[in-house]
Every structure is written in structure tokens, then in C-alpha cells.
Amino acid sequence: MACVSVDCKSGPREILSENYSSDAILGVIQEKYGVLVEQSNDEELVVNNLAKAMIDISKDEIKLNYYKLIGQERANAFSTMVCKEKLIKLFERL
């Protein structure tokens, strides 16, 4: 499944972007691993941007298939086994 997320303070941008930037996102941004939507106190703006992003992806078969494939690949990078191995290596260095 393709991933669309609000760019909240911590998490989505680090996961969905290939190159992390602290610049504010305006509107809808297509990143390597998914789509980020501007964070705002205006709930209607956020909902409209999320809907726009989801509709855009669902109407474009190539984009949908790309995000499905790359999204699963990215999710695997955060699997329990991968995280466990990283923690073990971290503790071994201490």
C-alpha cells in the first residue's frame, strides 16, 4: 500500500524522505518512499491535502505501483529483526 502522511514533528519525514530536510513542507510533496502533507492547525486544509494526495496516487497506476513496491521495501528496513540487529550492534559498541 502507498503511504500518505501528515508531516508531523518527528517521524514521517525521516521515514518517507530519502534526504531529510528541516524546511517546512507546503501543500503536498511526493518523496521517495511516500507522500507528505503539510502540517497545519487548519484541519480542513490537512484533510483536503490528504484527500488530494490519496486521489492523485489512486488515479495514477504507475505511481501507485511504485509507492506500493518502494513502500514495502522501506517498511522492511524497520522490521523487528532489522531493529533488533541494530540495537545489538549498538550495545556491543558500548
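Our structure is the block above this text.
What you see is a predicted model; the values in this text were computed from it and never measured.

K.L.:
Quick rundown of the pattern of salt bridges? Include the residues and the values.
P.N.:
A full pass over the atoms with the stated rule returns three salt bridges. For Lys32, the salt bridge identified is with Glu18, shortest N-O distance 3.2 Å. Here Lys32, found in the loop between β2 (28-30) and β3 (35-37), pairs with Glu18, found in the loop between α1 (12-16) and β2; they are 14 residues apart in sequence, far enough to count as distant. Classification of Lys32 by relative accessible area gives partly exposed; the value is 28%. The partner of Lys63 in a salt bridge is Asp56, and the shortest N-O contact between them spans 2.7 Å.

K.L.:
So what about the state of the cysteines? Which residues, and what values?
P.N.:
Throughout the structure, instances matching the rule amount to zero disulfides. The thiol of Cys8 is not disulfide-bonded; the next cysteine sulfur, from Cys3, is found 11 Å away.

Reading the values: rules and limits
- Residues numbered from 1 in each chain as written.
- Predicted model: local features only at pLDDT ≥ 70, side-chain atom pairs only at ≥ 80, totals over all residues.
- Heavy atoms only, no water.
- Salt bridge = Lys/Arg side-chain N within 4 Å of Asp/Glu carboxyl O.
- Helix = DSSP H or I, 4+ residues; strand = E, 2+ residues; numbered from the N terminus.
- Buried < 20%, exposed > 50% of the residue type's maximum accessible area, 1.4 Å probe, protein only.
- Disulfide = S-S within 2.5 Å.

Function-wise, these values are silent; they only describe arrangement.
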